[in-house]
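One letter stands for each residue in the lines below.
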Amino acid sequence: MMSKISPELKPFVTIVDGIASTLGNSCEVVLHDLSHPKTSVIYVKNGHVTGRKVGDGIRDLIFDVLTSPDFKEDALTKYESTVVKGKSIKSTTMVIRNMEEKIIGALCINLDITNLNLILSTVGELTSINKVSKDSDENIEIEKADVLDILDHIISHTILESGKLPENMKKDDFLKIIKFMDEKGVFLIKNSVDWVARKLNLSKFTVYGYLKEVRIDEEIQRR
């Protein structure tokens with residue numbers, strides 16, 4: 001919409017159109033003629049964003065813009081406008097001066113970012129991650145019965161998957177099983193060596209020895 005526009009402000013009509021066209025329907029751009037504060041709005045694009053229309057007066061120019069400590073070089077940029085309840089509006093207001101440096105108008109940009117904030121919130125929820133706490137030493141104590149049952153199941157079935165009973169296994173068989181369990185973190189659990197030793201019918205000292213051998217071999221491979 002357009003009202004009678006002074007020659008000094010007429011070139012800004014093209015700027016209003018360009019900004020609104022570039023940023024789309026969520027961007028309202030308003031041109032003010034400050035020689036008529038009560039009816040300062042002389043041109044509007046996408047007025048549905050905040051309901052601005054030609055003939056309206058200045059609204060937040062004094063209270064929100066001119067009195068803000070962030071108002072510098074005739075502009076306040078990227079501030080939150082609260083003119084419309086239920087919407088999140090990101091605004092920029094720029095004062096227009098003529099060749100004699102007298103204030104003649106203002107150009108206001110109001111971008112509705114409500115949906116963008118909703119998308120950001122949704123993306124944030126979808127991408128949020130709870131980090132699993134890990135203990136660096138081999139002394140994690142687990143007391144929950146259900147967790148212990150799961151670990152016991154994993155250990156027992158790791159042995160079963162080898163296809164041999166412990167009494168029929170050779171050293172290489174034990175090393176493979178212990179390596180797998182070590183990779184899965186079994187030996188980070190308190191008393192796990194005793195636990196595994198009973199399952200494999202080995203002494204805990206033998207399991208310690210095999211575990212040390214596995215880790216030395218892994219360290220050599222990483223070099």
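Residues numbered from 1 in each chain as written. Predicted model: local features only at pLDDT ≥ 70, side-chain atom pairs only at ≥ 80, totals over all residues. Heavy atoms only, no water.

### With respect to the packing of aromatic side chains
Reasoning step 1: Summed over all chains, the structure comprises one aromatic pair.
Reasoning step 2: Arranged with centres 6.1 Å apart and planes meeting at 20 degrees, the rings of Phe174 and Tyr210 form a pair that is stacked. Placement of the pair is Phe174 in helix α5 (residues 171-183) and Tyr210 in helix α7 (residues 204-222), with a sequence separation of 36 residues. Note on accessibility: Phe174 and Tyr210 belong to one class, buried. (Phe/Tyr/Trp six-rings, centres within 6.5 Å; stacked < 30°, edge-to-face > 60°. Helix = DSSP H or I, 4+ residues; strand = E, 2+ residues; numbered from the N terminus. Buried < 20%, exposed > 50% of the residue type's maximum accessible area, 1.4 Å probe, protein only.)

### A closer look at the sheet that holds strand β3 (residues 75-81)
Reasoning step 1: Across the sheet, five strands lie side by side as β2-β1-β5-β4-β3; this open sheet has antiparallel pairing. Sheet topology places β2 (41-45) and β3 at the edges, where each strand pairs with a single neighbour. The mean angle between the axes of side-by-side strands here comes to 15 degrees, regardless of whether they run parallel or antiparallel. (Pairing = 2+ DSSP bridges. Axes fitted to C-alpha atoms, helices over the stretch in contact; angles between N-to-C directions.)

### Quick look at the layout of surface pockets
Reasoning step 1: In this structure, the largest pocket spans a volume of roughly 160 Å³.
Reasoning step 2: When grouped by side-chain class, the residues that make up the lining of the largest pocket number eight nonpolar, one polar and one charged. (1 Å grid on protein atoms, 1.4 Å probe; cavity = no way out; pocket = protein on both sides within 12 Å on 5 of 7 lines; lining within 4 Å. Points joined across faces, edges and corners; volume = space filled by probe spheres on them. Nonpolar A, V, L, I, M, F, W, Y, C, P; charged D, E, K, R; others polar.)

### Observations regarding empty space enclosed by the protein
Reasoning step 1: Counted under the stated rule, the structure contains one cavity of 30 Å³ or more.
Reasoning step 2: Only β1 (27-33), β3, β4 (89-97) and β5 (103-112) provide two or more residues apiece to the lining of the largest cavity.
Reasoning step 3: Class assignment for the residues of the lining of the largest cavity results in seven nonpolar, six polar and three charged.

### Brief notes about the pairing of β5
Reasoning step 1: Within β5, eight of the ten residues are buried, leaving the element largely enclosed by the surrounding structure.
Reasoning step 2: Inspection of the sheet shows β1 paired to β5 by seven bridges, in the antiparallel sense. Note on β5: the bridge partner recorded for Cys27 is Leu111.
Reasoning step 3: Sheet topology note: the β4/β5 ladder contains nine bridges and is antiparallel. Across the sheet, residue Arg97 finds its bridge partner in β5, namely Ile103.
Reasoning step 4: From the end of β4 to the start of β5, which pair antiparallel, there are five residues, and Glu101 there has a positive phi angle of about 70 degrees.

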